[in-house]
Amino acid sequence: LSSRRLLVVDDDADMRLTLKLSLELAGYTVDVAANGREALEVQRSRPADVLITDIFMPDSDGFEAIDAFRGEFPRTKIIVVSGGAQFTKRDYLPDAALIGVDATLQKPFEIETLLEKISTLSA
Amino acid sequence: MRLHPQLSLLVAGAVAPVLVLAVAAGVLLVRHERQTLQHEAIGRTQSAMSAVDAEIRGHFTTVQALATSRSLESGNIPAFYDEAQRVLRSQPDWLTVRLALATETPLFDTAVALGAALGPIGELNTFRQAVATRQPVIGDVDTTGARPVVRMRMPVVVDGIVRYVITVRLAPESFADMLHQQRLPDSWVIALADRNRRFIARLPPVPSGRMVSESFRAAIDHAPNGWFQGSTLEGTRTYTPYVTSQQSGWVMGIAIPASTVDAAANRTLIGMGAGIAAALALALLLGWYMSRRIAGPVAALAHATAAMGEGKDVHVPGPIRIDEIARLNDALRAASEAVRERSALQEREKQALQASDRAKDEFLAMLSHELRNPLAALTAAAHVIKLAPSGTEAAIKARGVIERQTKHMARLIGDLLDISRVAMGKVALERERFNLAKTVADVIQVWRSSGRLERHFVSLGASAVWVDADRARVEQVFSNLLDNALKFTPPGKRITVSVGPEDEHAVLRVTDEGEGMTPDATERMFDLFVQGERGLDRAAGGLGVGLALVKRLTELHGGRVSAVSAGAGQGTTFTVVLPSVDPSAEQARAPFDLAPRGATRQVLIVEDNDDTRAMLHEALAFSGHDVREARDGQSGLALAAEKTPDVALIDIGLPDLDGYEVARRLRAAPGGRSIGLVAITGYGQPEDQKRAFEAGFDAHLTKPVAPERLKQVMAGLR
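Residues numbered from 1 in each chain as written. Chains lettered and ligands numbered in written order. Predicted model: local features only at pLDDT ≥ 70, side-chain atom pairs only at ≥ 80, totals over all residues. Heavy atoms only, no water.

## Some remarks on the sheet that holds strand β22 (residues 699-702) of chain B
Residue and element names in this part refer to chain B. Strand order across the open sheet formed by 5 strands is β19-β18-β20-β21-β22, with parallel pairing between neighbours. Since the sheet does not close on itself, it has two edges, and those belong to β19 (626-630) and β22, each with one partner. Neighbour-to-neighbour, the strand axes of the sheet open up by a mean angle of 20°, direction not taken into account. Bridge analysis of strand β20 (residues 647-651) against strand β21 (residues 676-681) gives 5 bridges, and the strand direction is parallel. Opposite V647, over in β21, you have G676 as the bridge partner. The strands that helix α15 (residues 610-622) touches are β18 (602-606), β19, β20 and β21; relative to β19, the one it contacts most, it runs at about 170°. Packed on one face of the sheet, helix α16 (residues 633-642) meets β18 and β19 and runs near 145° to β19. (Pairing = 2+ DSSP bridges. Helix = DSSP H or I, 4+ residues; strand = E, 2+ residues; numbered from the N terminus. Axes fitted to C-alpha atoms, helices over the stretch in contact; angles between N-to-C directions. Contact = heavy atoms within 4.5 Å.)

In structure tokens:
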């Protein structure tokens, strides 16, 4: 299990840092990237099993990055985390199925919850 | 009912009484004309009659003279015969003179010799009348003889008794002369008749003694003087005035053809009829014209009103000459304008409502995102601290994250509370009089010290200007503007702040070289919850309340704020205008110093790459240094020989001498030991740095040179 590689993508440095530290404490090898383009480059040199990515909200190109990942690395599981929430007229955190990812997680979340999702997806 | 017939009716109604009046006047006029003609004819008749009477009196006078003859008085008949013969010759109208005894015995007739046999005296009535009345008498036409005659009887009184009667026989035609003298039109008839209704004379002539017309006789029988309508002997219809002489009992009549009389009346009636017809025609024409003038624009207005209902333009072609209709047109236009404005307003309000709805939605999403993100980092950090042994690098880093993120959240929440307090009017300004330029300079200094301005070139141009304001709030306004400029301006670009007096106002400007915005966006950007496009950096995020806060705080101070941008990528200038005041005497005396910008140094750049040299020059000059530049080692050394620089930035890869050589020579030159030497290289390998220090360099910069790194290096030099 400890050989599993994770890739954390978030534009917030503190978020990247704390996730990396938390996940490393759980025994994963963790790479980080600040955006989708950087994430693709990292993935190509050191492929991760699970991608944990933020979606820039709102009206972001985060979905394009996900599409690119899906195309190039179909075996990589994707977990989307976002601070978005559901409102009457606009849905800022769509269902995972709708955007073609494996799981979604709304910020803030307990690290244990994230770890559960990761282990479920990579089992 | 349509307008046209109504107007025609109106005009006709107005004309009708006039017409009635005109007809009445016409009738009166005709009658008057006829009366005038009648009077005139009667006058002429009377004057003709008077002439006849005068003629008769003339005859009487002549006979009277004969009657007073001596010879007659003395009974000398032969002498009187001669006398009578003489007088007869002088009177052309006289046919004969006869003398008879009052006892009705004839004595002589001038027509025959004295003593010859004599005829009868003739009609005796006049004879006897003359004897009885002792007055001369004129008789009527007598047609019993060879020719018609009129007898004149003159009684001769001798010794108080009527002894003789002189009879003069007159030719009736002789009176025709008097009729001629009236000079009547040829178509008229003038006639003199005797007491027996027989013609004495007439024009045109008829035989004397002929009976007058039936109608004439009936008229005379009816009244001695008057006017009748009848027919002449020739059968012409006439109007005839006539008079009877008091003296002779004769009747004079002038017959005017009815056609002459009626022609005048007819002329009047025809003229009047034509006038009435013309007036009616004019009325109808006027009615038609007026109705066209009114009905035309009214119809056009009706059309325009219908168009207005369909939301089209209201347009009435051509000028309207009737004020009321023009006013109606104006009112209609105004109404149409108002309707259009109202619908435009409603549309704008609807859109504004929708936009505000959307902004609120986005704000909630953003708020959720902005608060959840730091919470997520905090949760993760807490997790790390829980698991990682204290003192380990992970634990230390996690503590840093917690510190930063709580501060960040505190700021967000502070902003939120501020904006709601301002919105609810709960912010009380603590006004004081202070120098806005000094406050702005202080804020910049604090930010510079904290390193927040490190990645941009921030410059300040300030002149003292005094405001009466809440210093903390004004600082907040400026901080928000500066924060905004930093967020939207890429690193390495400049942000220019200026503050000073302009026309009684204190004006603060913050100009960035950032992303700029469309004119539409500049209008909306002060609205609550509106965000600029997000940059790559999360730091650019925010709640979208900063500029709204700036606007509300500025307005609370009685000022205004505006944003101008030449467009996307062209940067933006924010301008805050506040009312300025005079400083107190004490404040005015205090010298105004801007926060120090750092010492000015003489800097020499030796660099062959144009872009790098220009960038360095700009950055250094911006920081207030005196900058000179050279493209190669030799000219660099020459410039240094002219004036020894405080700092020299030297590229290693120069075309002639290499950078190490230049550094060695500068150091060796007089005063060269105190020069701060900075090497610029394309490579950051430790060996390069080592070589540089060996050549005498104090510091080392790797291309591309980041401004903040340049500032650090400059600050690190002596």
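## So, empty space enclosed by the protein
All names here are of chain B. Taken as a whole and judged by the stated rule, the model has 4 cavities of 30 Å³ or more. Space inside the largest cavity adds up to approximately 140 Å³. Lining the largest cavity are 17 residues, with V189, S213, F216, T232 and A255 positioned closest to its centre. Of all the secondary structure elements, the ones that give two or more residues to the lining of the largest cavity are β6 (189-193), β7 (199-203), β8 (226-231), β9 (237-244) and β10 (251-257). Tallied by class, residues from the lining of the largest cavity come to 10 nonpolar, 6 polar and 1 charged. Of the volumes computed, that of the second largest cavity is approximately 100 Å³. Around the second largest cavity, the lining is made up of 13 residues, and of these R98, L99, P106, P120 and I121 lie nearest the centre. (1 Å grid on protein atoms, 1.4 Å probe; cavity = no way out; pocket = protein on both sides within 12 Å on 5 of 7 lines; lining within 4 Å. Points joined across faces, edges and corners; volume = space filled by probe spheres on them. Nonpolar A, V, L, I, M, F, W, Y, C, P; charged D, E, K, R; others polar.)

## Quick notes on the sheet that holds strand β4 (residues 77-82) of chain A
Residues and elements named next belong to chain A. Strands sit in the order β2-β1-β3-β4-β5 across an open sheet of 5 strands; the sheet is parallel. Strands with a single pairing partner mark the edges of an open sheet, and in this sheet they are β2 (29-33) and β5 (103-106). Neighbour-to-neighbour, the strand axes of this sheet turn through a mean angle of 20°, independent of strand direction. With 4 bridges connecting them, β4 and β5 associate as parallel partners. The partner of V80 across the bridge, within β5, is T104. Each of β1 (5-9), β3 (50-54), β4 and β5 touches helix α5 (residues 111-122); the most contacted strand, β5, lies at about 175° to it.

## Examining the interface of chain B and chain A
In this assembly, 31 residues from chain B lie in contact with 30 residues from chain A. Where chain B abuts chain A, roughly 2,600 Å² becomes buried across the two surfaces, and 60% of that area is made up of carbon and sulfur atoms. Taken together, the connections running from chain B to chain A amount to 2 salt bridges. Ionic pairing is found between R404(B) and D14(A), a salt bridge with its closest N-O pair at 2.5 Å. Within the residue set of the side of chain B that touches chain A, elements represented by two or more residues are α8 (323-387) and α9 (393-423) of chain B. (Buried area = accessible area lost by both parts, 1.4 Å probe. Salt bridge = Lys/Arg side-chain N within 4 Å of Asp/Glu carboxyl O.)

## Considerations on the pairing of strand β5 (residues 161-170) of chain B
All names here are of chain B. Of all 10 residues making up β5, 8 are buried, and the element is well covered by its neighbours. Sheet topology note: the strand β1 (residues 94-101)/β5 ladder contains 7 bridges and is antiparallel. Looking at the pairing, R98 lines up with T167 of β5. Of the strand pairs in this sheet, strand β4 (residues 149-158) and β5 are connected by 9 bridges, and their pairing is antiparallel. Paired with P155 across the two strands is V165, which belongs to β5. In this structure, the hairpin formed by β4 and β5 is closed by a connection of 2 residues, where D159 is found at a positive phi of approximately 55°. (Buried < 20%, exposed > 50% of the residue type's maximum accessible area, 1.4 Å probe, protein only.)

## Side note on the packing of α9(B) against helix α13 (residues 546-556) of chain B
Residues and elements named next belong to chain B. α13 packs onto α9 with a crossing angle of 40° between their chain directions and a minimal axis gap of 10 Å. One element, α9, and the other, α13, form an angle in the oblique class. The crossing of α9 and α13 is left-handed. Side by side, α9 and α13 meet where D415, D418, I419, V422 and A423 of the first sit next to A548, L549, R552, L553 and L556 of the second. Considered class by class, the residues forming the contact of α9 with α13 number 7 nonpolar, no polar and 3 charged. (Parallel < 35°, antiparallel > 145°, perpendicular 65-115°, else oblique. Left-handed = near helix turned anticlockwise from the far one by under 90°.)

## Topic: the pairing of β20(B)
Residue and element names in this part refer to chain B. For β20, the buried fraction is high: 5 of the 5 residues fall into the buried class. Burial along β20 is two-sided: the face carrying V647, L649 and D651 and the face carrying A648 and I650 are both buried. The sheet contact formed by β18 and β20 spans 4 bridges and is parallel. Across the sheet, residue V603 finds its bridge partner in β20, namely V647. Since β20 and β21 lie parallel, the crossover through helix α17 (residues 659-668) that links them has a hand, and here it is right-handed. (Right-handed = clockwise from strand over helix to strand, strands pointing away.)

## Section: the packing of helix α1 (residues 13-25) of chain A against α5(A)
Residues and elements named next belong to chain A. Packing of α1 against α5 leaves a shortest axis separation of 11 Å and a crossing angle of 65°. α5 is crossed by α1, and the crossing has right-handed handedness. On the side of α1, the interface is formed by L19, S22 and L23, while α5 contributes I111, L114, L115 and I118. Taken together, the residues of the contact of α1 with α5 sort by class into 6 nonpolar, 1 polar and no charged.

## Here we look at the environment of A630(B)
All names here are of chain B. Mapped onto the elements of the fold, A630 is located in strand β19. When its relative accessible area of 5% is taken as the criterion, A630 is described as buried. A630 sits 17 residues away from R613 along the chain, and the two C-alpha atoms are 8.6 Å apart. Apart from the residues within four sequence positions on either side, A630 is in contact with I605, V606, E607, R613, S635, G636 and L639.

## Regarding the pattern of salt bridges
Residue and element names in this part refer to chain B. Here the structure, examined in full by the defined rule, presents 35 salt bridges over all chains. D418 is paired through a salt bridge with R473; the nearest N and O atoms lie 3.7 Å apart. Here the residue D418 occupies a position in helix α9, and R473 occupies one in helix α11 (residues 471-488), the gap between them amounting to 55 residues. Between E432 and R471 there is a salt bridge, with the nearest N and O atoms lying 3.3 Å from each other.

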